[in-house]
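Coordinates in review
So you can see what is in the structure, the chains are spelled out below.
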Amino acid sequence: MTTPDTSHHRNALVDPFGRTIEYLRLSVTDKCNLRCFYCLPKGFKDFETPANWLTFDEIERVAAAFGELGVHRIRLTGGEPLVRKDLPDLARRISNLPGIDDLSLSTNATLLEQQAEALYAGGIRRINVSLDTMNAEQFSDITGGGRLDEVLRGLDKARQVGFSPIKINMVVMKDTCLDDYQRILEYCMQNNFTLRFIETMPMGAPGRDASDQYMSIEVVRESLEKSYNLLPGLMTGGGPARYYRIDGSDFEVGFITPISQHFCESCNRVRLSVDGTIYLCLGQDDKLELRPLLRDGISDDGLKQAIIDAIARKPERHEFKDKPSQVVRLMSMTGG
Ligand code: SAM
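We now examine the nonpolar core. Grouped together as the largest cluster of nonpolar side chains are 83 residues, with contacts concentrated most on Leu 26, Leu 76, Ile 94, Leu 131 and Phe 197. In terms of residue count, helix α1 (residues 56-69) provides more of this core than any other element does, 7 residues in total. Ignoring any residue separated from it by four or fewer positions in sequence, one finds Ile 94 in contact with Leu 26, Ile 59, Ala 63, Ile 74, Leu 76, Ile 100 and Leu 103.

Shown next as structure tokens:
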């Protein structure tokens, strides 16, 4: 294997479509303490065995390689990342890596009240929290028994500890959204959280499938416009959300439209799953299995070259809209 030229580390990861990969979503577990029907099938038990989880040393090594290749943003995700033991230690190790200047977390916040301080001390500054309804009964129904009060306490604690921004991600569903988005919006405005609406992607279980629940976000936007004047927002966020500011306030709301208006042309990320697989696209199967390489003693240069070679195979786009019934993987397995 030739030695990769990583001497001028910035932008070593440019794919064949000219997209620079600067963002790694890193799944620390495929397990979750909730069972949101659009994400994890009820009764699902086929989780990765612990022997196949990347260890913290292995994760740190992969993160360091990405950092040297030009990735500067890392998000810890899952499954539910807070169920992985000692997550704050991993956060500290990653936030200390050269080149990584932005460490964030996606969580359902049910365990956040207990862990917020340690995670902040570990270097995490930004968090995204999934919250699809402010109705406790509906929350329990969507999440397979989750408790809304735990989430709200976790969010309160996160605000007190000083995470900023705190973003709330609400998956837009036919059955829930229109009843409830106004309540979430008011809650977010009161607490200075950023709200983002996300279209459901066809990634859940057959049966009560996410694709049955698909509703274009335009419906929410039109509905919002009846009560508020939406102006172009100032937030960029570095991701796929388009932001609008509510006239007369600083409050911004984002719309993420993987289905109705995909944003693959500006895709800047890849995902690392708990078993050490790099998935090059959320909706395609193209991947690089790093665990065997790591456990066979690959050199640091070899690791970086393998990552560069994989980025050269990044697919142009997902096909969620054209092939909604093709569920490539569960979201929890990829790392959402
Ligand atoms: N447990 C963490 C959380 O709740 O944020 C991180 C992982 S979760 C898989 C990440 C995000 O993916 C959540 O906001 C969840 O709502 C979203 N998600 C999961 N399945 C989805 C689907 N089928 N369509 C759209 N979003 C989905």
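A sheet is described by the order of its strands in space; here 12 strands give the open sequence β7-β8-β9-β6-β5-β4-β3-β2-β1-β10-β11-β12, paired in mixed fashion. Strands with a single pairing partner mark the edges of an open sheet, and in this sheet they are β7 (230-232) and β12 (287-289). Adjacent strand axes in the sheet meet at a mean angle of 25 degrees when their direction is disregarded. Note that strand β3 (residues 102-107) and strand β4 (residues 126-130) share 4 bridges and pair parallel. Bridge pairing links Ser 106 to Asn 128 in β4. The strands that helix α2 (residues 87-95) touches are β1 (23-27), β2 (73-77) and β3; relative to β2, the one it contacts most, it runs at about 170 degrees.

As enumerated under the stated definition, the model contains 21 salt bridges in all. Note that Asp 102 is salt-bridged to Arg 126, the shortest N-O span being 2.9 Å. Placement of the pair is Asp 102 in strand β3 and Arg 126 in strand β4, with a sequence separation of 24 residues. For the pair Asp 102 and Arg 126, one class covers both residues: buried. Between Arg 183 and Asp 180 there is a salt bridge, and its shortest N-O distance comes to 3.8 Å. Taken as a pair, Arg 183 and Asp 180 lie in helix α6 (residues 177-191) at a separation of 3 residues, close to a single helical turn.

Rules of the game
Residues numbered from 1 in each chain as written. Predicted model: local features only at pLDDT ≥ 70, side-chain atom pairs only at ≥ 80, totals over all residues. Heavy atoms only, no water. Core = buried A, V, L, I, M, F, W, Y, C linked by side-chain atoms within 4.5 Å. Buried < 20%, exposed > 50% of the residue type's maximum accessible area, 1.4 Å probe, protein only. Helix = DSSP H or I, 4+ residues; strand = E, 2+ residues; numbered from the N terminus. Contact = heavy atoms within 4.5 Å. Pairing = 2+ DSSP bridges. Axes fitted to C-alpha atoms, helices over the stretch in contact; angles between N-to-C directions. Salt bridge = Lys/Arg side-chain N within 4 Å of Asp/Glu carboxyl O.

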